[in-house]
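Listed here are the chains, written in short residue letters.
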Amino acid sequence: MSEPILQVTDLHVAYGRVEAVRQVSFSIETGSLVTLVGANGAGKSSVINAVSGIVRPRSGTVLFEGRDITRTPSHRLVGQGLVQVPEGRQILGTLTIEENLQLGGWHAGGGRIGEIYERFPVLHERRDLPAGSLSGGEQQMLAIGRALVARPKLILLDEPSMGLAPKVVDEVFRVIEEIRAGGTTVLLVEQNARRALRAADHGYVLSSGEIVHEGSSADLLADDRIVQAYLGME
Ligand code: ATP
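These numbers come from a predicted model, not from an experiment.

In this section: the pattern of salt bridges. Enumeration according to the criterion identifies 13 salt bridges in this entry. In this structure, Arg22 engages Glu210 in a salt bridge whose closest nitrogen and oxygen atoms are separated by 3.1 Å. Of the two residues, Arg22 sits in strand β2 (residues 18-29) while Glu210 sits in strand β10 (residues 210-216), which places them 188 residues apart along the sequence. Given a relative accessible area of 26%, Arg22 falls into the partly exposed group.

Shown next, in the form of structure tokens:
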């Protein structure tokens, strides 16, 4: 078994008196696709925002490739190979598509935009247009492309399928599986739990800020109690 690329131990995140995450521990094997699923408000974003340095955890440790990165600011992590695609995409709509991609390479010493255009031809075709002119699905591809410019070892995706039509969701999941097949480790946060578990090797179920189940995706999907309690109806 390979070394974990990420190891999170006893993570605690609070906003004032609101305890969003309590004693969360998990690890991610290098090269795997791991998903963190749970209902709205379960604490999924708080966990990955704490990992990526967007939010400061109250306590706990985060090791990336064995190095302690707890409280390392997100822009420094980009250069180390850990990049997040934030919830809601957060592309800059008035800048062109190419300018958005260039920003992705800012903290990584340039990056390779050409490779992103090969993967997403639509971004190449429209590279000089404002990013805000893209459809929701295309904007999600741009957000993912912008993260890939930095050539991450670990990519964190926060709800990439949110608000997208079913066909576009299929495309987003296809891209996520391709990223993993290309050797990048993926941590996927999703409310669309079934879909995420079908794509992932391993899953963690978060409820009210705590991990309540973990296991191989196949085992989680095969457990009727888990399916009924956390994964909802098909
Ligand atoms: P969602 O799918 O809505 O993003 P989530 O599982 O990602 O949900 P979080 O966004 O991490 O959950 O939120 C966990 C808890 O922390 C919720 O109760 C939420 O209201 C609270 N919370 C999140 N961000 C803040 C904040 N900036 N200030 C105060 N409370 C917050």
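Next comes the rest of the description.
Taken in spatial order, the 6 strands of this open sheet run β6-β7-β8-β3-β9-β10, and their pairing is mixed. The outermost strands of the open sheet, each flanked by one partner alone, are β6 (82-85) and β10. The sheet shows a mean angle of 15 degrees between the axes of neighbouring strands, taken without regard to direction. When strand β3 (residues 33-37) meets strand β8 (residues 185-190), the two strands line up parallel, connected through 5 bridges. Bridge pairing in β8 links Leu33 to Val186. Along the sheet face, helix α6 (residues 136-148) touches β6 and β7 (154-158) and points at about 170 degrees away from the line of β6.

Turning our attention to the site of the ligand. In the neighbourhood of the ligand, 13 residues make up the surrounding shell, with Asn40, Gly41, Gly43, Ser45 and Ser46 lying closest. One nitrogen or oxygen atom from the main chain of Gly41 is found 2.8 Å from an oxygen atom belonging to the ligand. Within the contact set of the ligand, an oxygen atom lies 2.8 Å away from a backbone nitrogen or oxygen of Gly43. Within the complex, 61% of the 620 Å² of free accessible area of the ligand lies under protein. The leading source of residues in the shell around the ligand is helix α1 (residues 44-51), at 3 residues. Its residues placed into classes, the shell around the ligand shows 4 nonpolar, 6 polar and 3 charged.

Definitions and limits used
Residues numbered from 1 in each chain as written. Predicted model: local features only at pLDDT ≥ 70, side-chain atom pairs only at ≥ 80, totals over all residues. Heavy atoms only, no water. Salt bridge = Lys/Arg side-chain N within 4 Å of Asp/Glu carboxyl O. Helix = DSSP H or I, 4+ residues; strand = E, 2+ residues; numbered from the N terminus. Buried < 20%, exposed > 50% of the residue type's maximum accessible area, 1.4 Å probe, protein only. Pairing = 2+ DSSP bridges. Axes fitted to C-alpha atoms, helices over the stretch in contact; angles between N-to-C directions. Contact = heavy atoms within 4.5 Å. Near = heavy atom within 4 Å. Polar contact = N/O pair within 3.5 Å; in protein donor to acceptor, adjacent residues only side chain to side chain. Areas by Shrake-Rupley, 256 points an atom, 1.4 Å probe, with all protein chains shown as cover. Nonpolar A, V, L, I, M, F, W, Y, C, P; charged D, E, K, R; others polar.

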